[in-house]
Amino acid sequence: MTYLDCIRAALRSLRVNVLRSVLTALGIIIGVAAVIAMVAVGAGAESRVQGVIQSLGSNLLVVLPGSTTSGGVRQGSGSLPTLTESDAKAIGSDIPAVTLSAPTVRGTAQLIAGNLNWYTSVQGVTPAFLDVREWPVASGRVFTDNETRAAAKVVLLGKTVVANLFPGQDPVGQTIRIQRVPFEVIGVLDAKGQTPFGSDQDDTVMVPISTAKLRLLGGRKLSGDLVGNITVKAQSSELVSEAEQGIKALLRERHRLRDNQPDDFSIRNLSQMLEARAESTRVMTILLASVAGVSLIVGGIGIMNIMLVSVTERTREIGLRMAIGAESRDIMSQFVIEAVALSLIGGLIGIVLGIGASLAIAQLADWPMLIQPEAVLIAVGFAGAVGVFFGFYPARKAAQLDPIEALRYE
Amino acid sequence: MAAPIIEIAGLTRDYQVGAQTVHALADLTVSIERGEFVAVMGPSGSGKSTCMHLLGCLDTPTAGRYVFDGVDVSRMNRDELAHTRNRSIGFVFQAFNLLPRATALENVELPLMYGRTEPRERHAKAAAALAAVGLAERAHHQPAQLSGGQMQRVAIARALVNEPAMLLADEPTGALDSRTGVEIMALFQRLNEQGITVIVVTHDAEVARYAKRILRFRDGHLVADERVARPTRAIEVLAALDAARESAA
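Residues numbered from 1 in each chain as written. Chains lettered and ligands numbered in written order. Predicted model: local features only at pLDDT ≥ 70, side-chain atom pairs only at ≥ 80, totals over all residues.

1. A short note on the domain arrangement of chain A
According to the domain assignment, chain A consists of domain 1 (3-52 + 276-408) and domain 2 (81-263). Averaged C-alpha coordinates put domain 1 of chain A and domain 2 of chain A at centres separated by 57 Å. (Domains from an automatic or database assignment.)

See below:
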């Protein structure tokens, strides 16, 4: 008997009892659909986290100044300005694992453009900061090193600020006043969206750090060389922790801290936090997919059960086939192929349902679903393997029947 | 003269039932020539079924020697026996044993599938075998759409399709009305005249009278081996039946 004959015979016998075949395949259908949908949920979650990491800038570290204590109350990080522009420069030049180091200062200010006003955060940055954050301008240009050095009155606006101060207009080239100081708008920042913690990253303006210190946010805390924090980009994700160690050692040395003194700064590793979150999502996905995989095994047991029934029902047919010359392996392959056909048909229906469910979840729950071709292949391959595995025992039972007994079977 | 198709010497088949040994067939020695038409007779429990299983290479003997078509089959394994059955023996059963969801043609093709014949050749041979039993126009009907006699003809076509050396029929008329039974026996006689060895296992003397030779079994022993001088001709019986029906009408 050729394989084509076997497949045709298998499909014929599955058609004899369509309802039974469908019910038997249901376990596989659900299993495959669930694996595909679960992996799509997980991949979607992962891509969302990856997107957030992208929006922060990859391989990012933020160095914050230490805390001060006033009257026994510790004031929180940033309350004691300890970081300087030369710290930032040293981090950029002395630590090989670091590619860019950008000092920033931060404050809030009242903005006025024409008859509109807006209260927002002002960041004093260097051009390097935009590279570290992977934050290009949507229109206009970034300030030059000269402008940075000269404390020029130029400003980059975030999208939210543009929407509030220049509704429906192109702000580039126009003038706004920040705390009554006129600034020329030289560019609009690309939209970044929300941080993972829910604040609007586009509700900000950026001016050169020198300008910010000299004209806007100056004062005792940020006098001289001091900066608010330093944003650092490591060379690669593997080198992030090496960079962290390097910065820690360098700053302790530069700040002349003795071994028994605590750090007067702290280092936050945002992308690592997010990576950890992505990792836990991944583990969750694997867990969910494994639970779905269990359904495939349960489905396989269902197939074995129905195949055993089928072998018993068709004992006389098996006897006849043996009498007219079927060898053991002919009977064997007939029933294995039948079981595999059952599980593969279930697998195919499962693919359709799984993809359908993924699309439905994406629509209804507004969740990015990424259907993974590998997951589809693995699920169906596994379904086929389940068919072979659970079809084997009933098939062997059929192949080992005694032809005389089988022919006589009532 | 050619070697006999069946040469049996001291063939014995015992069954273990609990602690007891049942001698289903004891020390059978017989030989059957090519082209014979043999009826194997006996009441149930006489050993005729065991004899048929052994002759049909469905079972192996406890002791003795069975040379079928020049080959000793008494020590063959399962798959060798299957191969022998496929090539050299055509089976006809009381209950027809057709696959219910397959067409007549597909049923007839089945032995060729197991014989690994090419599909094209398979269709041609199966169609020819169906034509030989007078069912060419029913090739694409399923068994449920056929009468009992037609089903048995399909089964006979299936038995013939591999051009076997021997036809082995187990109560072939048992599930048929008497006229259809005679028609089937007429078909066997015609095939026998074309040179095929036919062995019919039956408990029915009506059926046995069409054979040229009758082997009678009782309690596991061959008790009589009779040559029939003038076997009844089934065609003549049919003609007589038709004549009787016409005169009644």
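2. Remarks on the packing of helix α6 (residues 178-193) of chain B against helix α8 (residues 234-248) of chain B
Residue and element names in this part refer to chain B. Relative orientation of the contacting elements α6 and α8 amounts to 150°, with a least axis distance of 8 Å. Between α6 and α8, the crossing angle belongs to the class labelled roughly antiparallel. Pair α6 / α8 crosses with left-handed handedness. Only Ala 234, Ile 235, Val 237, Leu 238 and Leu 241 of α8 make contact with α6, whose side of the interface consists of Arg 179, Val 182, Glu 183, Met 185, Ala 186 and Gln 189. Among the residues forming the contact of α6 with α8, the class breakdown is eight nonpolar, one polar and two charged. (Axes fitted to C-alpha atoms, helices over the stretch in contact; angles between N-to-C directions. Helix = DSSP H or I, 4+ residues; strand = E, 2+ residues; numbered from the N terminus. Parallel < 35°, antiparallel > 145°, perpendicular 65-115°, else oblique. Left-handed = near helix turned anticlockwise from the far one by under 90°. Contact = placed C-beta atoms within 7 Å. Nonpolar A, V, L, I, M, F, W, Y, C, P; charged D, E, K, R; others polar.)

3. A short note on the environment of Ser 139 of chain A
Residues and elements named next belong to chain A. Mapping Ser 139 onto the fold places it in strand β6 (residues 137-140). Spatially, the C-alpha atoms of Ser 139 and Asp 190 are 8.1 Å apart, while their sequence positions differ by 51 residues. With residues up to four places along the chain from it excluded, the contact list for Ser 139 reads Val 172, Gly 187 and Val 188.

4. What to know about the sheet that holds strand β2 (residues 20-32) of chain B
Residues and elements named next belong to chain B. Taken in spatial order, the four strands of this open sheet run β2-β1-β4-β5, and their pairing is antiparallel. Looking along the sheet, the strands with just one partner apiece sit at the ends: β2 and β5 (71-72). The pairing of strand β1 (residues 6-17) with strand β4 (residues 63-68) spans five bridges and is antiparallel. The residue of β4 that forms the bridge with Ile 6 is Phe 68. (Pairing = 2+ DSSP bridges.)

5. Structural notes on the sheet that holds strand β10 (residues 221-227) of chain B
Residues and elements named next belong to chain B. Strand order in the open sheet made by the six strands is β6-β7-β8-β3-β9-β10, with mixed pairing throughout. Two strands close off the open sheet at either side, each with one partner strand: β6 (89-92) and β10. Mean inter-strand twist for the sheet, computed between neighbouring axes without regard to direction, equals 15°. Bridge count for strand β9 (residues 213-218) against β10 is six bridges, and the pairing is antiparallel. When the sheet's bridge partners are listed, Arg 216 is paired in β10 with Ala 224. In this fold helix α5 (residues 148-160) packs onto β6 and β7 (166-170), with an angle of close to 170° to the strand it touches most, β6.

6. Describing helix α8 (residues 240-254) of chain A
All names here are of chain A. Taking 1.5 Å of rise per residue, the 15 residues of α8 would be expected to cover 21 Å, and the 21 Å separating its terminal C-alpha atoms lies within 8% of that figure. Those residues of α8 lying buried are Val 240, Ala 243, Glu 244, Ile 247 and Leu 251. Down the axis of α8, the buried set is contained in an arc of 100°. They therefore lie on one face. Among the exposed residues of α8, those pointing more than 90 degrees away from its buried face are Gln 245, Ala 249 and Glu 253. Residue Arg 256 follows α8 closely and has a positive phi angle near 55°. (Expected span 1.5 Å × (residues − 1). Buried ≥ 20, exposed ≤ 12 C-beta atoms within 10 Å, placed from the backbone. Arc of directions from axis to C-beta.)

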